[in-house]
Amino acid sequence: MEFSGQVWFDFVDPDVWRFYRFVRLLASEGHAVLLEWRPLPGRGHDHAVVVFEALDTPEDRGRFLHAMLGLVHLEGADAGDRGTVERALSASGVGQPAVSPEASVADLSALAAELGVRGVPTLYRHGPVVRIGLTEAALLEDVAARAASILSVADDDGIWRLDKP
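Just so we're clear, the structure is a prediction, and the values are computed from it rather than from any experiment.

Student: Tell me what's going on with the pattern of salt bridges, and back it up with residues and numbers.
Tutor: Any two side chains of opposite charge can pair, so long as their charged atoms come close to each other. Inspection of every chain in the model, using the stated rule, returns 9 salt bridges. Of the charged contacts in the structure, one is a salt bridge between Glu75 and Arg87, with a shortest N-O distance of 2.6 Å. Within this pair, whereas Glu75 is found in helix H3 (residues 58-75), its partner Arg87 is found in helix H4 (residues 82-92), the two being separated by 12 residues in sequence. Note on Glu75: relative accessible area 54%, which makes it exposed. Three or more residues joined by partner-sharing salt bridges are found here, namely Asp15, Arg18 and Arg131.

Student: Summarise the environment of Phe11; cite the residues concerned and give the values.
Tutor: As for its placement among the helices and strands, Phe11 is situated in the loop between strand S1 (2-9) and helix H1 (14-28). For Phe11, a relative accessible area of 0% gives the class buried. Each C-alpha atom, one on Phe11 and one on Ala79, is 6.4 Å from the other, the two residues being 68 residues apart in sequence. Each residue touching Phe11, except ones within four places of it in the same chain, is listed here: His45, Ala48, Val49, Phe52, Phe64, Leu65, Met68, Leu69, Val72, His73 and Ala79.

Student: Could you give an account of the pairing of S1, naming the residues involved and the relevant values?
Tutor: When you tally the buried positions in S1, you get 7 out of 8 residues, the bulk of the element. Where S1 meets strand S2 (residues 32-39), 8 bridges bridge the pair, whose relative direction is parallel. Following the sheet pairing, Gly5 is matched in S2 by Leu35. Bridge count for S1 against strand S3 (residues 122-124) is 3 bridges, and the pairing is antiparallel. By the bridge assignment, Val7 is partnered in S3 with Leu123.

Student: Can you lay out H4 for me, pointing to particular residues and giving the numbers?
Tutor: All of the buried residues in H4 are Thr84, Val85, Ala88, Leu89 and Ser92. With its buried residues spanning 140° around the axis, H4 presents them on a single face. Exposed residues lying more than 90 degrees from the buried face of H4 are Ser90 and Ala91. For H4, the secondary structure elements touched by its buried residues are helix H2 (46-54) and H3. Put simply, Asp81 is the residue that caps the front of H4, since its side-chain oxygen is 2.6 Å from the backbone nitrogen of Gly83. Two residues or fewer after H4 comes Gly93, characterised by a positive phi angle close to 75°.

Student: An account of the layout of surface pockets is needed here, citing residue identities and associated values.
Tutor: In this approach the atoms are scanned with a rolling probe the size of a water molecule, which exposes any empty space left behind. Put simply, the largest pocket is a space of about 1,200 Å³. Along the walls of the largest pocket sit 31 residues, with Val130, Arg131, Ile132, Gly133 and Leu162 positioned nearest its centre. For the lining of the largest pocket, the element with the most residues is helix H6 (residues 143-155), which contributes 5 residues. Residue composition of the lining of the largest pocket, grouped by class: 16 nonpolar, 6 polar and 9 charged. Space inside the second largest pocket adds up to approximately 380 Å³.

How each quantity is defined
- Residues take numbers from 1 onward in each chain, read along the sequence in its written order.
- Local features in a predicted model are, by the rule used here, given only for residues with pLDDT of at least 70; side-chain atom pairs are given and counted only at 80 or more, and totals for whole chains, interfaces and linings are based on all residues.
- The side-chain numbers reported here are obtained from all heavy atoms of the structure, hydrogens and water having been left aside.
- By salt bridge we mean one thing: a side-chain nitrogen of Lys or Arg within 4 Å of a carboxyl oxygen of Asp or Glu.
- Numbering goes from the N terminus for both helices and strands, where a helix is a DSSP run of H or I of at least four residues and a strand is a run of E of at least two.
- To sort residues, take the accessible area from a 1.4 Å probe on protein chains only and compare it with the maximum for the residue type: under 20% means buried, over 50% means exposed, and anything in between is partly exposed.
- Residue contacts are defined here by distance: any two heavy atoms, one from each residue, within 4.5 Å place the two residues in contact.
- DSSP-based pairing: two strands are paired if at least 2 bridges between them are found.
- Think of it as the arc spanned by the lines of direction from the helix axis to the C-beta atoms.
- Polar contacts, as counted here, are pairs of nitrogen or oxygen atoms within 3.5 Å of one another; within protein the pair requires one atom able to donate a hydrogen and one able to accept it, and residues that are adjacent in sequence qualify only if both atoms are side-chain atoms.
- Put plainly, a pocket is an open set of points on a 1 Å grid over the protein atoms alone with protein on both sides within 12 Å along at least five of seven lines, a cavity is a set where a 1.4 Å probe fits but cannot get out, and a lining residue has an atom within 4 Å of a point.
- Grid points are joined across faces, edges and corners, and a volume is the space filled by probe spheres set on the points.
- Throughout this entry, Asp, Glu, Lys and Arg are counted as charged residues, while Ala, Val, Leu, Ile, Met, Phe, Trp, Tyr, Cys and Pro are counted as nonpolar. The remaining residues, Gly among them, count as polar.

That is the geometry; function is a separate question.
What follows is the structure, encoded as structure tokens:
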């Protein structure tokens, strides 16, 4: 299976943390995970957003994302604190990139609005965006079947919302 698309995220939402763990589990089972991670600005940690976007390679972005999510969700660090960003850069082995805050935040905000991204995590493929909400049960049993269900909903323009209370 290939699980691909663009994922809009922030560094603090518990749904992002669950989704991140879900896709890592999917990849660990040998499935191709080809996600482009895009940070949603305006959520209290724009410095981390700017640094993430300024990193040169998907590998650097992935290592930084992993470090930031671990610091925030496992250690309780503040994603809006520049010290947390510095710790994530150090832990990921990624050097401090040159950043242009105004340009990247404005561009990301415009793109997110154009796509209809209003929450995180949100998957964009080639149609309407799909906001994903998982429970811890998503990390159990057949994650490939669950990933296929997510892609099926994302690719079906006839389904706009499936919601459980």
